[in-house]
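Coordinates in review
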Amino acid sequence: MAVYAAAATVLAGVENRQGSLKGLVYASKFQNVKQLYALVCETQRYSAVLDAVIASAGLLRAEKKLRPHLAKVLVYELLLGKGFRWGGGRWKPLLGRHQARLKAELARLKVHRGVSRNEDLLEVGSRPGSASQVPRFVRVNTLKTSPDDAVDYFKRQGFSYQGRASSLEDLRALKGKYFALDPLLPELLVFPAQTDLHEHPLYRAGHLILQDKASCLPAMLLAPPPGSHVIDACAAPGNKTSHLAAVLKNQGKIFAFDLDAKRLASMATLLARAGVSCCELAEEDFLAVSPSDTRYRRVQYILLDPSCSGSGMLGRRLEEPGAEPPSKERLCALAAFQLRALRHALAFPALQRLVYSTCSLCPEENEDVVQEALQQSSGAFRLAPVLPSWPHRGRGTFPGAEHCLRASPETTLTSGFFIAVIERTEVPSSASLAEQPAPEPVSSPVPKRKRRRKAAAGEGTQQVAGGELQDAH
Ligand code: SAM
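A brief report on the enclosed structure follows. All values derive from a computational prediction rather than experimental measurement.

On to the pairing of strand E13 (residues 417–424), then. Within E13, eight of the eight residues are buried, which leaves the element mostly enclosed by the surrounding structure. Residues of E13 alternate between two faces, with Phe 417, Ile 419, Val 421 and Glu 423 on one and Phe 418, Ala 420, Ile 422 and Arg 424 on the opposite face, all of them buried. Both strand E10 (residues 353–358) and E13 contribute to a ladder of six bridges, which runs antiparallel. Bridging across to E13, Tyr 356 finds its partner in Ala 420.

This is the structure we're talking about:
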C-alpha cells in the first residue's frame, strides 16, 4: 500500500479509537514504519489547520471520491510537507488541480491569524486555547425585543457597531468594544471572545440569550411555522426550546421532555425569563412518549438534541485540556440511546421534519446514528440538503452524509457541533394518516418514571445562576 493511503487508514483508526497511533502504525504492516509514523504524526499535529484549509477550499465537495483522511494527508504533504516526496500516484494530479486554491486558503489563514510561519499557525490552532478565539455569540430574543433595539442599546452603552459581518474573518477581527451582526443568523449579535454579558441588564431581563452560534442552528433549520406543534425531545436546560418558541412567535405548541428534574426546573426559569408561553414541560422519558397518543397527532416537527459525549464543547476543552476522549464503551452506550431516540422520533405519524443535533465530534454519535436510522426507515426519510454555503460538512461515511453539518472553532468559529436535518420523503395524506397503524414505540432503556410532572413554562421559581444556563448545548 502506498504511504499516503496507509497514513489515511491509520489516521481514521486513531480517530475511531481502534488503537494508539503507534500500535496502528505497526499493525498496518507497512514496510517503512518510520516513514509512515512521521507522516501520520505531522498530519495529526496540523489536523485543525488542515481541516480549516480543506473546508474553506471546498476540496471534499469538489472531489467526492476523495476520503477525508486521505485528503488530510495529501494536503499536508502538498502544503506543509515536502510536496509528494513519496510519489502520490493518481492523487498528485488531482491535488494539483486544487493547489492554487489550497495555497491561497492557507495564506489567508496566516494573514488573519497574524502569523507568517506555518509553525506559528500550529501554535495558535492546536492549543486548546484556540477555542478562546471563538467570539461571544448573543441571540436576541425576538419574543421580547428586536435586533435593531438591542443594537441601539449597545451603541448607547459605548459599543461600536460594525454592521452585518460578511465573513468569518470579520468576526475574528472583532476587538475591544466592537460588535457586529452574524452573517448567517439575522438575530445573532457577535462580540469579541472575552466579552462578559452575564450581568448585562438585557441578559438578566431575558432579552438576550447567551448561546453559541452552532447551537442556534437546530431551531433555525427546523423552522416550524407559527401555529405548528413541535416536540423538543431532550429539552433541558432549554436554550433551543426558547429559540423554537421565538421562531413560532409563541403561536402553536412545544411539547418539551426531559428526564432530569433539576435541569427542568432551571429550564422553567429560563423560559419564564424569555417570555415563552407556548411550551408544555414534562419530566418524562421521551422513549416512553407514545407516538400514537392523540395529543401528538399534529406534531410535524421534532428537535432531537440527545445526551452525548460533549466532546465538542468549548468549555470542556478549555477546562480540561488533557481530557481523555470518551471510551469506546461510553460511545457505544450513547450511540445506542441516540439511535433509539432518533428511531422513536421518526415513528411520530405526522412528522415532516426533524433536526438531530449533538455537541459531539465523534462520528459514532453523529453520521453513524443518522445513517443507521435512515437505513431502518426504509426510504421513508432522507437527509435534507441545507445551508450549501456552510463550510464544514458531515464526514463522507455514506452517500448524502455531506448534507449533514459539522462545526468547530477552526472551521466555523463555534463550538464543536453536528446537525442533520431529516425530512419525510412523501407527505402523508390525512387519509393515509388516519389509516396508519399505530407505530411500534421503541422500548426504553431506562425504567419508565412513575412521577410525571407537567409544568407550564414559568412555574419554576428558584433562582438559577446565569452562568449555569448560558452556553448550554
Ligand atoms: N436541548 C437542550 C438545550 O438546548 O438546552 C440540551 C439537551 S442536553 C444535550 C440532553 C438532555 O437530554 C439532558 O438534559 C438529559 O437530561 C436529557 N435526556 C437524556 N435522556 C433522556 C430521555 N430518555 N428522555 C428525555 N430526556 C432525556
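With that out of the way, let us pick up the side chain of Glu 77. Mapping Glu 77 onto the fold places it in helix H6 (residues 68–80). For Glu 77, a relative accessible area of 0% gives the class buried.

What follows deals with the packing of helix H1 (residues 3–15) against helix H3 (residues 33–45). H3 packs onto H1 with a crossing angle of 55° between their chain directions and a minimal axis gap of 9 Å. Considering their axes alone, H1 and H3 lie oblique with respect to each other. The hand of the H1/H3 crossing is right-handed. Every residue of H3 that contacts H1 at Val 3, Tyr 4, Ala 6, Ala 7, Val 10, Leu 11 and Val 14 is listed here: Gln 35, Leu 36, Leu 39, Val 40, Thr 43 and Gln 44.

Our focus in this paragraph is the packing of aromatic side chains. How two aromatic rings sit relative to each other is set out by the distance from centre to centre and by the angle between their planes. Taken as a whole, this structure holds 14 aromatic pairs when the rule is applied. With a centroid separation of 6.2 Å and 40° between ring planes, the pair formed by Phe 257 and Phe 286 is classed as tilted. Of the two residues, Phe 257 sits in strand E7 (residues 253–258) while Phe 286 sits in the loop between strand E8 (279–283) and strand E9 (299–304), which places them 29 residues apart along the sequence. Of the two residues, Phe 257 and Phe 286, neither departs from the other in class, the shared state being buried. Among the aromatic side chains, those forming a connected cluster through ring pairs are Phe 154, Phe 159, Tyr 161, Phe 179 and Phe 191. Geometry around Phe 159 places Lys 177 over its ring, the cationic atom sitting 4.6 Å from the centre. The ring of Tyr 203 has Arg 273 lying over it, and the distance from NZ or CZ to the ring centre is 5.2 Å.

Quick notes on the rules
Residues numbered from 1 in each chain as written. Predicted model: local features only at pLDDT ≥ 70, side-chain atom pairs only at ≥ 80, totals over all residues. Heavy atoms only, no water. Buried < 20%, exposed > 50% of the residue type's maximum accessible area, 1.4 Å probe, protein only. Helix = DSSP H or I, 4+ residues; strand = E, 2+ residues; numbered from the N terminus. Pairing = 2+ DSSP bridges. Axes fitted to C-alpha atoms, helices over the stretch in contact; angles between N-to-C directions. Parallel < 35°, antiparallel > 145°, perpendicular 65-115°, else oblique. Left-handed = near helix turned anticlockwise from the far one by under 90°. Contact = heavy atoms within 4.5 Å. Phe/Tyr/Trp six-rings, centres within 6.5 Å; stacked < 30°, edge-to-face > 60°. Lys NZ or Arg CZ within 6 Å of the ring centre and 35° of its normal.

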